[in-house]
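Coordinate inspection notes
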Amino acid sequence: MGGILALALGGFFGSASRQFGASLIELQTWFSTRYRGFQDFVTAPRDIVSLRARNAELEAQVSQLQAQLIELQQRVNETEILAALVDFSRSNPESTYKAASVIGRDPSPFLHYIIINRGSNDDIRRGMPVVTNQGLVGRIDAVIADAARVQLITDPASAVNVYLQNADTSAVLFGSVTGDVSLDMISQNVVVDPGDVILTSGLGGGFPADLIIGQVVTVRTLEFELFQQATVQPAVDFSRLEIVLVITNFRPVDISPLEPTPSP
Amino acid sequence: MRNIIAIPLLGLAVILQSSVVSQIKLLSGYADLPLLLLAAWALQERVNSAWHWAVTACLMIGFASGMPWFVLAAGYLGVVFAARVLQRRVWQAPLLAMFSVVFLGTLFMHLLSFSVLRLFGTPFRFDDVAWLITLPSLLLNMLFSIPIYAFMRDLARWVYPEEERE
């Protein structure tokens, strides 16, 4: 025993002790790794369950926040539209307005009508003009207590007397099946250019004067025809109508009794 | 009592037609949901309330639409009539009957709308209406007719349960 101790102290067992130490460390590492694996195996399912629960909770939170975001975006859009409409009504103080939301369109594809959520309870009457801050939309065609139907100027049966500002002449604006609007009855003697602004003329008593309708896009002039025609880019985007203003202090004038009747 | 289901269902159809379907346009045409519901309902065996449904649909759509009421009445009653006639003759191929009724019904309804509005002074051109409204609407109605038929068949089975048929 004393001899072994002396040999060890003398450094004769150096390589043997190093190999022993390395083997111990390897063994320790092997046990440690296996134990960690076992520990993971035992504890992991619990973690997955809690992670899944947390994930579901976060997903619910995300979808809730997304819904809130959409709602807020809608409110921002509405506020922007309303702010523009308020600006418009302030810049046109001669008229009184009632704001209404568009809640539907005519079920028939033959008619270009919208339905708004204001009716006779809000003093809306048949014939009142409907506008947005961009320009003329149409006029009230039928009214019930809490809703009204508006005939758009794009309706094939619609005809609006208009005034071409630059050309200083009158014409009639017609709707069509496609929703496009066009000008007719433009005198052959006047020069109409693309870009000319079109306003309501007020003739006929159906609409107040000077409401913006749009701009001339192209002009068609044929020598053998009585009048020129023009295609029009409306100022209002009729496919995205959300909120409109009804001009409530305008009463349309029925001029039909004044129209000449053919004598027998 | 079974006819009462027509009121909420057709009411919902009119609301959807006015607010959603009318926005899903193909050129200038769109599907006619109440017409599809009526056609599919009238083609179901043992359903004897189709005429009531047609009248209810006329009343509801007449309330929302600017179309003269008699166009809607004639159109929807015509669809139910066509469906009842075809149901007796093509009973072995219900989908074929559905397609036929929807095809004929859409054409009839559009021809009627065109004629009456033209008579009232709307300056329609026949080829514009045919290409831009009627043909796209026909295509959309045909596309929607399969799911609507399946839905109405299930509804008919629910309203008229199997044991009562025997």
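Please read all numbers here as calculations on a predicted model, not as lab measurements.

**What about the interface of chain B and chain A?**
The interface of chain B with chain A comprises 24 residues on the first partner and 18 residues on the second. Elements supplying a minimum of two residues to the side of chain B that touches chain A: α1 (6-19), α3 (50-64), α5 (94-119) and α6 (126-159) of chain B. When residues of the side of chain B that touches chain A are assigned to their parent elements, the largest contribution, five residues, is made by α6 of chain B. Here the residues of the side of chain B that touches chain A are counted per class, giving 11 nonpolar, 12 polar and one charged.

**A look at α3 of chain B**
Taking 1.5 Å per residue, 15 residues should reach 21 Å; α3 of chain B reaches 21 Å between its end C-alpha atoms and fits that length. Burial in α3 of chain B covers these residues: Ala50, Trp53, Ala54, Thr56, Ala57, Cys58, Met60, Ile61 and Ala64 of chain B. Structurally, α3 of chain B contributes buried residues whose contacts are with β1 (97-105) and β2 (113-116) of chain A together with α1, α2 (33-42) and α4 (69-89) of chain B.

**Focus on the sheet that holds strand β4 (residues 136-143) of chain A**
All names here are of chain A. The strand order β1-β2-β5-β4-β3-β12 describes a closed barrel built from six strands, whose pairing is antiparallel. Across the sheet, the mean angle separating the axes of adjacent strands is 45° when strand polarity is ignored. In terms of strand pairing, β4 meets strand β5 (residues 148-152) through five bridges, oriented antiparallel. Residue pairing for β5: Gly138 is matched across the bridge by Leu152.

**Examining the sheet that holds strand β7 (residues 169-174) of chain A**
All names here are of chain A. Judged by pairing direction, the barrel is antiparallel, and its six strands sit side by side in the order β6-β7-β8-β11-β10-β9 before closing back on the first. Neighbouring strand axes in the sheet, compared pairwise and without regard to direction, differ in orientation by 40° on average. Of the pairings in the sheet, the one linking strand β10 (residues 212-220) to strand β11 (residues 227-234) comprises six bridges and is antiparallel in character. Pairing of Gln215 across the sheet is with Gln233, part of β11.

About the thresholds
- Residues numbered from 1 in each chain as written.
- Chains lettered and ligands numbered in written order.
- Predicted model: local features only at pLDDT ≥ 70, side-chain atom pairs only at ≥ 80, totals over all residues.
- Contact = placed C-beta atoms within 7 Å.
- Helix = DSSP H or I, 4+ residues; strand = E, 2+ residues; numbered from the N terminus.
- Nonpolar A, V, L, I, M, F, W, Y, C, P; charged D, E, K, R; others polar.
- Expected span 1.5 Å × (residues − 1).
- Buried ≥ 20, exposed ≤ 12 C-beta atoms within 10 Å, placed from the backbone.
- Pairing = 2+ DSSP bridges.
- Axes fitted to C-alpha atoms, helices over the stretch in contact; angles between N-to-C directions.

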